[in-house]
Amino acid sequence: QSNFDDLILTLDRSEMPLPEFAHRVCNRFVEVAGPEAGDIRTSSAGTATKVSRLILRLYSQTSDEATRSHCLDVIDAMVVVGVYGLDQAIESYER
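Residues numbered from 1 in each chain as written. Predicted model: local features only at pLDDT ≥ 70, side-chain atom pairs only at ≥ 80, totals over all residues. Heavy atoms only, no water.

**Student:** How should I be thinking about helix H1 (residues 2–13) in this particular structure?
**Tutor:** Along an α-helix, residues three or four positions apart point the same way, because every turn accommodates 3.6 residues. Its 12 residues give H1 an end-to-end C-alpha distance of 16 Å, which sits within 8% of 16 Å, the value for a rise of 1.5 Å per residue. Residues of H1 that are buried include every one of Ile8, Leu11 and Asp12, and no others. For H1, the buried positions fall inside an angular range of 100 degrees around the axis, keeping them on one side. Exposed positions of H1 whose direction lies more than 90 degrees from the buried face are Asn3, Thr10 and Arg13. (Helix = DSSP H or I, 4+ residues; strand = E, 2+ residues; numbered from the N terminus. Expected span 1.5 Å × (residues − 1). Buried < 20%, exposed > 50% of the residue type's maximum accessible area, 1.4 Å probe, protein only. Arc of directions from axis to C-beta.)

In structure tokens, the structure reads:
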């Protein structure tokens, strides 16, 4: 899990445009973490805030419709499991 967290942290800290595969990383996080991503007692919740920022950042930076569609699918999955920090990330995105 720590290598996965390291990848997410690296992507989150990067100031470069995100690679198109980033939606797969975010999706895999949601699959693996599941409801723990919404439980602030777990480390997954901390990672979830980064994943929320990543998926919205990728959505906003790409003009590729397929990638945008994948991003929306990941966001839907995040809503279903109650990912911690998604609401705040969406609020920041809308500003």
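That was the structure; now back to the text.
**Student:** So what exactly am I meant to see when it comes to helix H2 (residues 22–33) here?
**Tutor:** For H2, with 12 residues, the first-to-last C-alpha span of 17 Å sits near the 16 Å given by 1.5 Å per residue. Where H2 is concerned, the buried positions are Ala22, His23, Val25, Cys26, Phe29, Val30 and Ala33. Buried residues of H2 fall within an arc of 160 degrees about the axis and therefore sit on the same side. Away from its buried face by more than 90 degrees, H2 exposes Arg24 and Glu31. Of the residues one or two after H2, glycine 34 is the one with positive phi, at around 55 degrees.

**Student:** I tried to follow the packing of H1 against H2 on my own but got confused; where do I start?
**Tutor:** Between two packed helices, both the angle of their axes relative to each other and the distance between the axes serve to describe the pair. At a minimum axis distance of 11 Å, the contact between H1 and H2 shows a crossing angle of 135 degrees. Taken as axis vectors, H1 and H2 run oblique relative to one another. In the crossing of H1 with H2, the sense of the turn from one axis to the other is left-handed. For the pair H1 and H2, the contacting residues are Phe4, Leu7, Ile8 and Leu11 in the first and Val25, Arg28 and Phe29 in the second. (Axes fitted to C-alpha atoms, helices over the stretch in contact; angles between N-to-C directions. Parallel < 35°, antiparallel > 145°, perpendicular 65-115°, else oblique. Left-handed = near helix turned anticlockwise from the far one by under 90°. Contact = heavy atoms within 4.5 Å.)

**Student:** How should I be thinking about the environment of asparagine 27 in this particular structure?
**Tutor:** Looking at the element boundaries, asparagine 27 is found in helix H2. When the C-alpha atoms of asparagine 27 and valine 74 are compared, they prove to be 5.5 Å apart, with 47 residues separating the residues in sequence.

**Student:** Just checking my understanding: could you explain the nonpolar core for this structure?
**Tutor:** When a protein is soluble and globular, its nonpolar side chains tend to lie buried together. Counting 24 residues, the largest nonpolar core has Phe29, Ile55 and Met78 as the members making the most contacts within it. It is helix H3 (residues 43–61) that contributes the most residues to this core, 7 residues altogether. Ignoring sequence-local partners within four residues, the contact set of phenylalanine 29 consists of Phe4, Ile8, Gly34, Ala37, Ser44, Thr47, Ala48 and Val51. (Core = buried A, V, L, I, M, F, W, Y, C linked by side-chain atoms within 4.5 Å.)

**Student:** Looking at this model, I keep getting lost on the state of the cysteines. Mind explaining?
**Tutor:** What we call a disulfide is simply a covalent bond connecting the sulfur atoms of a pair of cysteines. Tallying each qualifying case throughout the model produces 0 disulfides. Free of any disulfide, cysteine 26 has its nearest neighbouring cysteine sulfur in cysteine 71, separated by 7.5 Å. Residue cysteine 26 is classed as buried on the basis of its relative accessible area, which comes to 1%. (Disulfide = S-S within 2.5 Å.)

**Student:** Looking at this structure, how should I read the packing of H3 against helix H4 (residues 65–81)?
**Tutor:** Between H3 and H4, whose axes approach to 9 Å, the crossing angle comes to 155 degrees. Here H4 runs roughly antiparallel to H3, going by the angle between their axes. Like other packed secondary-structure pairs, H3 and H4 cross with a definite hand, here left-handed. Across from Val51, Ser52, Ile55, Leu56, Leu58 and Tyr59 in H3, the residues of H4 making contact are Thr67, Arg68, Cys71, Leu72, Val74, Ile75 and Met78.

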